[in-house]
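Structure assessment
Spelled out from the first residue to the last, the chains are:
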Amino acid sequence: MERGGDRGGFGRGFGRGDRGGRGRGDRGGRGRGGRRGGGRREDEQKWVPVTKLGRLVKEGKIVSLEQIYLHSLPVKEHQIVETILGPQLKDEVMKIMPVQKQTRAGQRTRFKAFVVVGDGNGHVGLGVKCSKEVATAIRGAIILAKLSVVPVRRGYWGNKIGKPHTVPCKVTGKCGSVTVRMVPAPRGAGIVAARVPKKVLQFAGIEDVFTSSRGSTKTLGNFVKATFDCLMKTYAFLTPDLWIETRFAKSPFQEYTDLLAKPTKAILDDVERVDA
Amino acid sequence: MESDLRSLRITSIEKEEEDEEREDFGKEGEQEDDEDDEEEEDEVEVTLGFAEKPKNPCLLLRHLFPSKAGGVPVKKLSFFYSLFIFFILRIVLSSYISLQALFQFQHTQAWLDPVDLPAEKSFTCGFCREPLQFLLQIYAPISDKEYTFHRMLYVFMCPSMSCLLKDQHEQWKRTVENPCRSVKIFRCQLPRSNPFYSSEPPKRNGTDIPTITGAPLCCWCGSWKGDKVCGSCKNARYCSAKHQSLHWRLGHKIECSKILNLSETSASCIVNAKAKVRATKKYASNSLWPEYEIIIEEECTFDSEIPEDNRSITSLAFTSNRIDETYQLLSDKFEADTDKKVWASFQERIAKAPEQVLRYCQDPAAKPLWPLTIGRPSKEDIPRCNYCKGPLCYEFQIMPQLLFYFGVKNDPDSLDWGTIVAYTCLASCDASISYKEEFAWVQLYPTATVA
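Labelled according to an unreviewed UniProt entry, chain B appears under the name MYND-type domain-containing protein, originating from Dendrobium chrysotoxum.

The name recorded for chain A in an unreviewed UniProt entry is Small ribosomal subunit protein uS5, from Dendrobium chrysotoxum. The record held by UniProt for chain A lists under Sequence similarities (unreviewed entry) the comment "Belongs to the universal ribosomal protein uS5 family."

Right, dumping it as structure tokens:
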């Protein structure tokens, strides 16, 4: 079984020494080739993190996305978001749009997929991917959506009873010619919006809101991005309860133990509590 | 008629040979042109390495030419095996002959060429002057040349992140003659008939032993030549003063006196005692990375066929056939900029086999898989071979998954890299010294900005 001589080297080596894995017969047992049909589930469990943040998440030292948002750490692996948000994260394909490019030999058609992900409790993400095949585009869009998950701030319309249910203030977002304006609504109003932004707002976890849009809302890409932009602005708006000075804490890369200490969590909790 | 038949046979054999040749050429032809005009990279065959706990520790000894990561260059577990044997034999019989055989076994060295090990100047980190720590070794023979029948590549690295950051500056310098780096790659090659190993392949059934013993190694790190001896017991060997002081503090102080006491008894017992001491201690360092064997697989075995079921979905999607250029312009914000695209394609490539720790390709046209756009070397940044002044070419790269397997902590000062790419001499020159240094390029992730 050992091939010396013309192959160079003895047995298992890199380079041209080892085609077909025959030399590895006795170590068999890993079934790597057989995992081809295994499916996605196994791959997710077998995620090997590539970045430091990924390793921290896999160890379990970071349990909420807020810890990542607080320090503006770039999320480069979509499995991070999957691990943290878990099964609550749902995704939906908004539209598959064929786009074409003119070539000498006719038209080259590609498919553009718009995907929205969200957990229904303050986190949404939007992903757009163009690819030659629909399935690839959808898969790529889901991954991009998970990478772009942002927090959504919710507040009250009037009395601060129960959990926050609407946007904290009037916010507006714009993309292209489409502007979307969101206005706080009382409980029970429901999401008063067109079909497209309604989906996004449901994923965000907003229960009641009045919306108003302007521009060419027929262009779904811009419409969806405008609502997403609007939701991103909810945390960018400075309201009076954020007038207190923030106490800066150390990033998870600097010192893990400090992250679990009271001050950091208190800041986020304060915001929620003041709203309540 | 018979001549016709014979001629028929001849032509058919010829045809078979032609087919075989074509097939072989197809297998060995490492470049397939991709018909897709988007992806311009040629498909070269990439071999992946996966880290796995070794099933049988004695299969990682040097004369079996292993590829491994972490631990020491091959030596650590041989001690366990020898320890096991030692105790068994002690129970059964205790003759000098058996002990002699054990001595040979215990002295098995890690290095391919066990005699001419790298000098102290080359095995210390250029910045902190500490001896480098063993990262991995791979067995990568080249079949073309006779003197590269056996070929091992060793990668050593300083475990400190601050040294790695300083190293980044060094690797961009082009014209330094002897650069001080914190990542070093050594290449060693031997022809088939050499004074250290037999010319026949090892049988791999537990009966192989190396033919010659080499230089003793440092008993703290197990990696480098131990030419400095402990002053009191004259037994323990070290590669540098730093390791000697570390070992002294962390246990040798007590052991040293024990050995001294034992050596006062009769001479025959010295052999026993020394053997016992050597057998009972493993490599004393507690900061070595855990040991894995590198399993080799081809990347193409992971290309899975995902059935593309376009038809049902495209019927829904084909509502209009307009050329939507406006979308393409406006969607750039959400799709990806170049950096994200590079990262996305990197992720896609490793998603085929997410546990890979090493990518290897011997094809001179191969390009490494870069995770980021920044920090890539241009052609001029890669220097020439130190020994033959010939060009260097990409041979293999180490992936960051290895950090996960090593269990590297995630403090600010702990190691983190994007990828480490090894450029080795294209001609694999055979110069004077045994262990030749090759060029390593480290691409780090940009440090995250703190809020």
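So that's the structure; there's more coming.
**Examining the overall build of chain A**
Helix and strand content of chain A: nine helices and eight strands. Going through the 276 residues of chain A one by one, you find that 48% of them count as buried. In chain A, the proportion of contacts linking residues at least 24 apart, taken out of those at least 6 apart, comes to 56%. Element-wise, carbon and sulfur atoms account for 52% of the exposed surface of chain A, whose accessible area totals about 13,300 Å².

**Points about the packing of aromatic side chains**
Evaluated as defined, the whole model comprises twelve aromatic pairs over all chains. Relative to Phe 346 of chain B, the ring of Trp 343 of chain B has its centre 5.3 Å away and its plane inclined at 35 degrees; by these criteria the two rings are tilted. With a gap of three residues between them, Trp 343 of chain B and Phe 346 of chain B both fall in helix α11 (residues 338-351), about one helical turn apart. One exposure class covers both Trp 343 of chain B and Phe 346 of chain B, and it is buried. Taken together, the aromatic side chains of Trp 289, Tyr 292, Phe 404, Tyr 405 and Phe 406 of chain B make up a single cluster linked through ring pairs. One Lys or Arg, Lys 76 of chain A, reaches over the ring of Trp 343 of chain B and ends 4.9 Å from the middle of that ring.

**A few points about the pattern of salt bridges**
All names here are of chain A. Considering all chains together, one arrives at nine salt bridges over all chains under this definition. The shortest N-O distance in the salt bridge between Glu 82 and Lys 146 comes to 2.8 Å. One end of the pair, Glu 82, is in helix α4 (residues 78-85); the other, Lys 146, is in helix α5 (residues 134-147), and 64 residues separate them in sequence. Each member of the pair, Glu 82 as well as Lys 146, carries the same accessibility label: buried. Across the salt bridge formed by Asp 241 and Arg 153, the nearest N and O atoms sit 2.9 Å from each other.

**Some words on the nonpolar core**
The biggest cluster of nonpolar side chains holds 34 residues, and the ones touching the most others in it are Leu 135, Leu 136, Phe 396, Ile 398, Leu 402, Leu 415 and Trp 417 of chain B. Counting residues per element, this core draws most heavily on helix α12 (residues 401-406) of chain B, which supplies four residues. Val 124, Cys 130, Leu 201 and Leu 231 of chain A belong to the second-largest nonpolar core, a separate cluster that totals 33 residues.

**With respect to the UniProt feature "domain: S5 DRBM" (unreviewed entry) in chain A**
Taken from the UniProt record, the annotation "domain: S5 DRBM" (unreviewed entry) applies to residues 89-152 of chain A. Its end C-alpha atoms 15 Å apart, residues 89-152 of chain A is made of 22% helix and 59% strand.

**Examining helix α2 (residues 52-59) of chain A**
Residues and elements named next belong to chain A. In terms of burial, α2 is a largely internal element, six of the eight residues being buried. Residues of α2 that are buried include every one of Lys 52, Leu 53, Gly 54, Arg 55, Leu 56 and Val 57, and no others. Trailing α2 by a residue or two, Gly 60 shows a phi angle of about 100 degrees, which is positive.

**What about helix α6 (residues 195-204) of chain A?**
Residue and element names in this part refer to chain A. Inspection of α6 places Val 196, Pro 197, Val 200, Leu 201, Phe 203 and Ala 204 among the buried residues, and these make up the whole buried set. Along α6, the residues classed as buried sweep out an arc of 160 degrees about the axis, all on the same side. A positive phi of about 95 degrees marks Gly 205, the residue just after α6.

**Let's talk about the side chain of Asp 119 of chain A**
Residue and element names in this part refer to chain A. Tracing the backbone through its elements, the reader meets Asp 119 in the loop between β2 (106-118) and β3 (123-131). We note that Asp 119 is buried and unpaired, the nearest opposite charge coming from Arg 154 at a distance of 7.2 Å. Here Asn 121 takes part through its backbone nitrogen, which lies 3.0 Å from a polar atom of the side chain of Asp 119. Within the structure, the side chain of Asp 119 is placed 3.1 Å from the side chain of His 123, a separation counted as a polar contact. Not counting chain neighbours up to four residues away, the residues in contact with Asp 119 comprise Leu 85, Gln 88, Leu 89 and Phe 203.

**Re the confidence of the model for chain A**
All names here are of chain A. Counting all residues, the mean pLDDT for chain A is 80, and 75% of those residues have values of 70 or more. Below a pLDDT of 50 lies the segment residues 16-41, which in the model reaches 46 contacts outside its immediate sequence neighbourhood of four places, other chains included. Note on residues 257-267: pLDDT under 50 across the span, and twelve contacts to partners over four residues away in sequence or across chains.

**Here we look at the pairing of strand β1 (residues 90-103) of chain A**
Residue and element names in this part refer to chain A. Two elements, β1 and β2, share 13 bridges in a ladder whose sense is antiparallel. Residue pairing in the sheet places Lys 101 in a bridge with Arg 108 of β2. Turn length for the β1-β2 hairpin, with the two strands adjacent in sequence and antiparallel, is two residues.

**A look at the sheet that holds strand β6 (residues 178-184) of chain A**
Read across the open sheet, the four strands follow the order β5-β6-β8-β7 (chain A); overall the sheet is mixed. Every other strand in the sheet has two partners, leaving β5 (171-175) and β7 (191-192) of chain A as the edge strands with one partner each.

**Regarding the sheet that holds strand β2 (residues 68-69) of chain B**
All names here are of chain B. Taking strand neighbours around the barrel as the criterion, the ten strands line up as β1-β8-β2-β3-β4-β5-β12-β11-β10-β9 in a closed arrangement whose pairing is antiparallel. Across three bridges, the pairing between strand β9 (residues 356-360) and strand β10 (residues 392-398) is antiparallel. When the sheet's bridge partners are listed, Tyr 360 is paired in β10 with Phe 396. Its contacts with the sheet put helix α5 (residues 161-172) on β4 (150-157), β5 (183-190) and β12 (436-443), and the angle it makes with β12 is roughly 110 degrees.

**Quick look at the packing of α6 of chain A against helix α7 (residues 220-232) of chain A**
All names here are of chain A. It is the contact of α6 with α7, at a shortest axis distance of 9 Å, that shows an interaxial angle of 35 degrees. Crossing hand, α6 versus α7: right-handed. Residues Val 196, Pro 197, Val 200, Leu 201 and Ala 204 of α6 form the contact with α7, whose participating residues are Leu 220, Phe 223, Val 224, Thr 227 and Leu 231. For the contact of α6 with α7, the residue count by class is nine nonpolar, one polar and no charged.

**Structural notes on the UniProt feature "domain: MYND-type" (unreviewed entry) in chain B**
UniProt's entry tags residues 218-256 of chain B with the feature "domain: MYND-type" (unreviewed entry), counted in the numbering of this structure. Regarding residues 218-256 of chain B, the helix share stands at 41% and the strand share at 10%, and the terminal C-alpha atoms are separated by 16 Å.

**Regarding the packing of α4 of chain A against α5 of chain A**
All names here are of chain A. Close contact between α4 and α5 brings their axes to 8 Å; oriented N to C, the two are set at 70 degrees. The angle between α4 and α5 places the two elements in the roughly perpendicular class. Like other packed secondary-structure pairs, α4 and α5 cross with a definite hand, here left-handed. Across from His 78, Val 81 and Glu 82 in α4, the residues of α5 making contact are Ile 143, Lys 146 and Leu 147. Residue composition of the contact of α4 with α5, grouped by class: three nonpolar, one polar and two charged.

**Thoughts on the pairing of β5 of chain B**
Residues and elements named next belong to chain B. For β5, the tally of buried residues reaches eight of eight residues, placing the bulk of the element in the interior. Of the two faces of β5, both are covered, the one formed by Val 183, Ile 185, Arg 187 and Gln 189 as well as the one formed by Lys 184, Phe 186, Cys 188 and Leu 190. In this structure, β4 lies alongside β5, joined through eight bridges in antiparallel fashion. Looking at the pairing, His 150 lines up with Leu 190 of β5. Pairing of β5 with β12 involves three bridges; the strand directions are antiparallel. Counted as the bridge partner of Phe 186 is Glu 437 from β12.

What counts and how
Residues numbered from 1 in each chain as written. Chains lettered and ligands numbered in written order. Predicted model: local features only at pLDDT ≥ 70, side-chain atom pairs only at ≥ 80, totals over all residues. Heavy atoms only, no water. UniProt positions renumbered as here; feature names shortened; annotations may be inferred. Helix = DSSP H or I, 4+ residues; strand = E, 2+ residues; numbered from the N terminus. Buried < 20%, exposed > 50% of the residue type's maximum accessible area, 1.4 Å probe, protein only. Contact = heavy atoms within 4.5 Å. Areas by Shrake-Rupley, 256 points an atom, 1.4 Å probe, with all protein chains shown as cover. Phe/Tyr/Trp six-rings, centres within 6.5 Å; stacked < 30°, edge-to-face > 60°. Lys NZ or Arg CZ within 6 Å of the ring centre and 35° of its normal. Salt bridge = Lys/Arg side-chain N within 4 Å of Asp/Glu carboxyl O. Core = buried A, V, L, I, M, F, W, Y, C linked by side-chain atoms within 4.5 Å. Arc of directions from axis to C-beta. Lys, Arg positive; Asp, Glu negative; His and termini not counted. Polar contact = N/O pair within 3.5 Å; in protein donor to acceptor, adjacent residues only side chain to side chain. pLDDT = per-residue confidence, 0-100. Pairing = 2+ DSSP bridges. Axes fitted to C-alpha atoms, helices over the stretch in contact; angles between N-to-C directions. Left-handed = near helix turned anticlockwise from the far one by under 90°. Nonpolar A, V, L, I, M, F, W, Y, C, P; charged D, E, K, R; others polar. Parallel < 35°, antiparallel > 145°, perpendicular 65-115°, else oblique.

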